[in-house]
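These are the residues of each chain, in order.
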Amino acid sequence: MKIWTSEHIFEHPWGTVVKAALRKYPNPHNPSVIGTDVVERKIENGVLKSHRLLTTEWGLSPWVTRLIGADRTCFASEHSEIDVANSHMTLRSRNLTFCNFLTVDEKLVYLPHPTDPSK
């Protein structure tokens, strides 16, 4: 079930946006993401494919932790594909923790603006 979708035009070239997407964690604006680990990285047919594991701490209330039986450290899996030749990046993320209660699938696609390549 798709609940939400959005589109945003960044006022920066595609290459800058892709670099920022790859460097987004950890950062001081989202302190809940405390680490990223590269599980696999390879190039297939000119496309850079990466799999990263994200470690987060959301600071759940103790009563929530007791209710769901999990500690405060959570994990998510992130897969990205970067095709520089075609200026196309896809980033998919899925929560690994709490997936028996709720699964969150996120898909981000970064493409140059169709009429303004500077964006």
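All chains use their own residue numbering, which begins from 1 and follows the written sequence. Only residues with pLDDT of at least 70 get local features here, since the model is predicted, and only at 80 or more are side-chain atom pairs given and counted; chain-wide, interface and lining totals rely on the full set of residues. Computation of side-chain values covers all heavy atoms of the structure but excludes hydrogens and water.

### Regarding the nonpolar core
Thought 1: In this structure, Trp14, Val17, Val18, Ala21, Ile82, Met89, Leu91 and Tyr110 together form the largest nonpolar core, which totals eight residues.
Thought 2: By definition, any uninterrupted DSSP run of H or I lasting at least four residues is a helix, any uninterrupted run of E lasting at least two residues is a strand, and each is numbered from the N terminus. Breaking this core down by element, the ones donating at least two residues are helix H1 (14-22) and strand S4 (88-95).
Thought 3: Two residues qualify as a contact provided that any one of their heavy atoms is within 4.5 Å of a heavy atom in the partner residue. If we skip the residues at most four places from it in the chain, Ile82 touches Trp14, Val18, Leu22, Gly46, Val47, Leu48, His88 and Met89. For our purposes a nonpolar core is just a set of buried Ala, Val, Leu, Ile, Met, Phe, Trp, Tyr and Cys residues, chained together by side-chain atoms within 4.5 Å. Throughout, exposure labels follow a simple rule: accessible area from a 1.4 Å probe, protein chains only, divided by the maximum for the residue type, with under 20% read as buried, over 50% as exposed, and the rest as partly exposed.

### What to know about H1
Thought 1: Residues of H1 that are buried: Trp14, Val17, Val18 and Ala21. Down the axis of H1, the sector holding all buried residues measures 100°, keeping them to one side.
Thought 2: Those residues of H1 that are buried lie in contact with strand S2 (47-57), strand S3 (73-83), S4 and strand S5 (105-110). Arc definition: it is the arc formed by the directions from the helix axis to the C-beta atoms.

### Quick word on the sheet that holds S3
Strand pairing in a sheet relies on backbone hydrogen bonds, with the paired strands running either antiparallel or parallel.
Thought 1: Here a strand pair is declared whenever DSSP counts at least two bridges between the two strands. The strand order across the open sheet built from five strands is S1-S2-S3-S4-S5, with neighbouring strands paired in antiparallel fashion. With one partner strand each, in any of the chains shown, strand S1 (33-44) and S5 form the two edges of the open sheet. Each neighbouring strand pair of the sheet contributes to a mean axis angle of 15°, computed without reference to strand direction.
Thought 2: Of the strand pairs in this sheet, S1 and S2 are connected by 10 bridges, and their pairing is antiparallel. Residue pairing in the sheet places Val33 in a bridge with Thr56 of S2. Lines fitted to C-alpha atoms define the axes, with helix axes restricted to the stretch in contact, and inter-axis angles between N-to-C directions lie between 0 and 180 degrees.

### Some details on the pairing of S2
Thought 1: What sits between the antiparallel neighbours S1 and S2 is a turn of two residues, in which Asn45 has the positive phi angle 50°.
Thought 2: The sheet contact formed by S2 and S3 spans 11 bridges and is antiparallel. Pairing of Glu57 across the sheet is with Thr73, part of S3.

### Here we look at the side chain of Thr55
Thought 1: Turning to its location among the elements, Thr55 is positioned in strand S2.
Thought 2: Apart from the residues within four sequence positions on either side, Thr55 is in contact with Ser32, Val33, Ile34, Gly35, Asp37, Thr73, Cys74 and Phe75.

### What to know about the confidence of the model for the protein chain
In regions of low pLDDT, the predicted coordinates are not meant to be interpreted in detail.
Thought 1: The predictor attaches a confidence to each residue, called pLDDT, with possible values from 0 through 100. Predicted confidence across the protein chain gives a mean pLDDT of 89, with 97% of residues reaching 70 or more.
Thought 2: For the protein chain, per-element mean pLDDT is lowest for helix H2 (residues 62-68), which scores 75, and highest for S4, which scores 96.

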